[in-house]
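Observations on the three-dimensional arrangement
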Amino acid sequence: MAKKQTQSTTHEFQAETKKLLDIVINSLYTERDVFVRELISNAADALEKFRHQSLTHDQDKLFDAHVPLEITIELDEKKNLLTITDTGIGMSREELVADLGTIAHSGSGAFLAELAEAARNDVSLIGQFGVGFYSAFMAGSTVRVQSRSWDGGEGSEWVSDGTGSFSISESPGLHRGTKIIIELKKECEEYAKKWKIESIIKQYSSFVPFPIKLDGETINTVQALWARNKAEIDEKEYSEFYKFIANSVDEPLFRLHFSTDAPLAINALLFIPTENFEIMGFGRVPPGVNLYCQRILIDQHSETILPEWLRFLKGVVDSEDLPLNISRQALQDNALVAKIRRVLTKRFLKFLAEEAKADEENYLRFWKTFGIFLKEGVTSDFSYRKELGELLRFESSKSKEQTPIGLAEYVLRMSPGQKEIYYINGPSRKAIEAGPYTEMFRKKDIEIIYTMEPIDDFVLSHLAEFDGKKLVSADRADLSLDEQGNTTEAAADEKSTALAAQEAEELINWLKEALKEKVSDVSQSRRLVDAPAMIVNPDGYMTSSMERIMAAGRMEKGTMPEMGKKNLEINVSNKLICRLADLAKSDREFALEVAMQIYDNAMIQAGLVVDPLEMVERNYRILNKAVS
Ligand code: ADP
Ligand code: MG
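Calculation rules
Residues numbered from 1 in each chain as written. Chains lettered and ligands numbered in written order. Predicted model: local features only at pLDDT ≥ 70, side-chain atom pairs only at ≥ 80, totals over all residues. Heavy atoms only, no water. 1 Å grid on protein atoms, 1.4 Å probe; cavity = no way out; pocket = protein on both sides within 12 Å on 5 of 7 lines; lining within 4 Å. Points joined across faces, edges and corners; volume = space filled by probe spheres on them. Helix = DSSP H or I, 4+ residues; strand = E, 2+ residues; numbered from the N terminus. Nonpolar A, V, L, I, M, F, W, Y, C, P; charged D, E, K, R; others polar. Buried < 20%, exposed > 50% of the residue type's maximum accessible area, 1.4 Å probe, protein only. Near = heavy atom within 4 Å. Polar contact = N/O pair within 3.5 Å; in protein donor to acceptor, adjacent residues only side chain to side chain. Areas by Shrake-Rupley, 256 points an atom, 1.4 Å probe, with all protein chains shown as cover.

With the rule as written, the count across this model stands at two cavities of 30 Å³ or more. When its volume is computed, the largest cavity comes out at roughly 40 Å³. Taken together, Phe 207, Pro 209, Gln 223, Trp 226, Phe 241, Phe 244, Ile 245 and Tyr 292 form the lining of the largest cavity. Counting residues per element, the lining of the largest cavity draws most heavily on helix H7 (residues 235-246), at three residues. Partitioning the lining of the largest cavity into residue classes produces seven nonpolar, one polar and no charged. If you add up the space inside the second largest cavity, you get close to 30 Å³.

Have a look at this one:
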């Protein structure tokens, strides 16, 4: 009789996973305990997923429907074994292969990068990178995963010692869910001791919403912290809950716990972490807030309950008003969800404004780490412009270095006649202040905001106005500083060296002709003080910075950047410009070179691209003439 074939297959781990395992297995840790937390957290996830399936499917479609939802831990000191069992959703053979070995987790690379940074040699962060399962090899010499999916398909076993490959075979007779059997390394035998595991669970996993049974005894009290009365919750419980929900070891920067009854019943507990993994270069983080209905998880890492730009928040939102068996798809077009999202977002932004008011210094700590998300909010979500505008911070000509100010503070300092808020982009404070755009502002004592991040000009142009005042980039062509009541008489500014009106007009006409391939207009500047010339934008919407970024994007896509022509403003009080007027009459050819160079210099000061080869050659020709 032919034996039933229990086909066993061997698979290589995905390349980055191998590297990760190598580190996990071979380094020495002080934080080994986290592997217990990671495996319990996976078990809890699997149980939540099963609970969700059971709400959206007929009972007869569920395998082992009667089995209670729980996590069981068994210890065997003699054999040095630790076994964690859950009755959750389980994994099919294919899922075991993919989820525990061959899927390239983007988190592996990010986690490796994080570990490589000497100062942050912190393996305990592993769970945040979506590779928590592999922490089992911190303590296990062999890890065995037996699993059977909720649909009742055949069960399978996954086995590995973590050194390069794993094997899969059939495993008949399993109940629904997953059993992880860890043969502990010699030096890790304490993980087979009850006191040890109990203390880890108390520390990290007290908020798991399913019973955890350790050698027969239930050791956690299943509770939903967010549903409890605020007055009865102490700081330690909040902090532990944060660590549990965020799978993190740090303390939250801010916490917002609030509930509403009318018009919607919402219970929300939201945390702002201390660190922003996205700005550390680890790619987009998944949303960190889970959606519950009557304490049952209906959408983990919910994409719908908060806008995308609030993905850095961690926490839970619970609303009794939602139908329990709603599918993830249906959540997206659910009007009630949209309403809750709006209420939550408004409440959260109000909370930030209150925090900023109470302690600006502390708010700036938040801003430096997470401000980028609020900026993203301005550019992607029209509905919260007003609230977000209050929360933005930028350095300005009147702020201290590294101490950005809010637009409200700017408005407070505006002179009564000033109607607009000005800003200018540049790579650094120093570069901006050395450039031509701030000259007149300095002279007239008008504050100007410095936008130093690439996204900033997009943010301010989306915002368009603040407190009824238009936001205007100082590289805009039609900018006229004298209109705003900040007394200026153009004539009084003219120095004795300035060109006479007739000469100026002649020079401008000549420049228009000389530079007609490059600029769309040349005009006499009413705002330059010392610099000979500046580039301004005839298009009132696009700033030079925005144009530079869009051009870079096009260059990446392979098409050469084509820029709109700019205007050139010249300063007729500047010596170089005065002499150029003479030169244009005596030596046209050389005057042309000088004009071109002035144009290129102004482009560079605007942060825009010039042809470097052409410029350097011309520059040498001019230098030659100067030394001879
Ligand atoms: P994460 O939990 O962040 O997704 P892990 O490395 O901890 O990353 O787990 C990888 C994947 O393996 C999980 O997303 C899940 O699909 C699967 N998995 C791990 N443990 C279990 C379990 N106990 N039951 C079902 N699936 C599991
Ligand atoms: Mg996990």
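Having put the structure on the table, let's press on.
By the element assignment, Leu 608 lies in the loop between helix H20 (588-605) and helix H21 (612-627). The class of Leu 608 is buried, set by a relative accessible area of 6%. Between the C-alpha atoms of Leu 608 and Arg 548, which are 60 residues apart in sequence, the distance is 6.1 Å.

Once that is clear, we can look at the site of ligand 1. Residues in close proximity to ligand 1 include Asn 42, Ala 46, Asp 86, Met 91, Asp 99, Leu 100, Gly 130, Val 131, Gly 132, Phe 133 and Thr 178, which together make up its full environment. Contact distances for ligand 1 include 3.1 Å between an oxygen atom and a side-chain N or O atom of Asp 99. In this structure, Thr 178 approaches ligand 1 through a side-chain N or O atom, which is 3.2 Å from a nitrogen atom. In the complex, 81% of the free accessible area of ligand 1, which totals 530 Å², lies under the protein chains.

Assignment of secondary structure puts Gln 7 in the segment before strand S1 (9-12). The exposure class of Gln 7 is partly exposed, given its relative accessible area of 46%. With 241 residues separating them along the chain, Gln 7 and Ser 248 place their C-alpha atoms 40 Å apart.

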